[in-house]
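# Results of the structural survey
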Amino acid sequence: MKYNPCVSSSRRKSRKAHFTAPSHQRRILMSSPLSADLRNKYNVRSVPIRKDDEVQVVRGTFKGREGKVVQVYRKKWVIHIERITREKVNGSTVNVGINPSKVVVTKLKLDKDRKALLERKAKGRSDDKGKGKFTVDDVAAAAAGASLQEID
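Description of the structure in this document.

Rules and cut-offs
- Residues numbered from 1 in each chain as written.
- Predicted model: local features only at pLDDT ≥ 70, side-chain atom pairs only at ≥ 80, totals over all residues.
- Heavy atoms only, no water.
- Salt bridge = Lys/Arg side-chain N within 4 Å of Asp/Glu carboxyl O.
- Helix = DSSP H or I, 4+ residues; strand = E, 2+ residues; numbered from the N terminus.
- Buried < 20%, exposed > 50% of the residue type's maximum accessible area, 1.4 Å probe, protein only.
- Core = buried A, V, L, I, M, F, W, Y, C linked by side-chain atoms within 4.5 Å.
- Contact = heavy atoms within 4.5 Å.
- Polar contact = N/O pair within 3.5 Å; in protein donor to acceptor, adjacent residues only side chain to side chain.

The next thing to look at is the pattern of salt bridges. Taken as a whole, this structure holds four salt bridges when the rule is applied. Residue Asp111 is joined to Arg50 by a salt bridge in which the shortest nitrogen-to-oxygen separation is 3.0 Å. Of the two residues, Asp111 sits in the loop between β7 (103–107) and α4 (112–127) while Arg50 sits in the loop between β2 (46–48) and β3 (54–57), which places them 61 residues apart along the sequence. When its relative accessible area of 26% is taken as the criterion, Arg50 is described as partly exposed.

Listed below in structure tokens is the structure:
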């Protein structure tokens, strides 16, 4: 069900918007989930990946390997991680690109902007905690109120 008439649900347009996205939008699209302990600590599920974060690969041939992010290659939609390389035929070594969704961040490089981002995201999540949820007391109070209205 489409709720916003201004947003297209066309597969073709969605793919075009994704693959022609400018760098500032690619930063958000190239986000990585946080590890379980970081998620509990900051109450945030994922953050845009950046250089000097420490990550662990969770999918693919390099599964289980850990390292520091040496480059976020937005043009190719990949990140390069130290010690995850392959040797070319001519003997030189090159970094292997890893999709940021296939890693978990194990250690964040924090500066004031990153701390502000984490606080802002955590605040938004804490506001949504009780949203739309009814407790047992709410249901009992509503039932009692309904029975009083029927008597009138």
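Attention now goes to the nonpolar core. By size, the foremost hydrophobic cluster in this structure holds 23 residues, and its most contacted members are Ile79, Ile81 and Leu108. In this structure, Ile81 is in contact with Val55, Val57, Gly67, Lys68, Val69, Val70, Asn95, Ile98 and Val103, ignoring residues within four places of it in sequence.

This paragraph deals with the side chain of Ser31. Mapped onto the elements of the fold, Ser31 is located in strand β1 (residues 31–33). At 2.6 Å, the side chain of Ser31 forms a polar contact with the backbone oxygen of Ile28. Once residues within four sequence positions are removed from consideration, Ser31 is found in contact with Ser46, Val47, Pro48, Ile49, Pro100 and Ser101.

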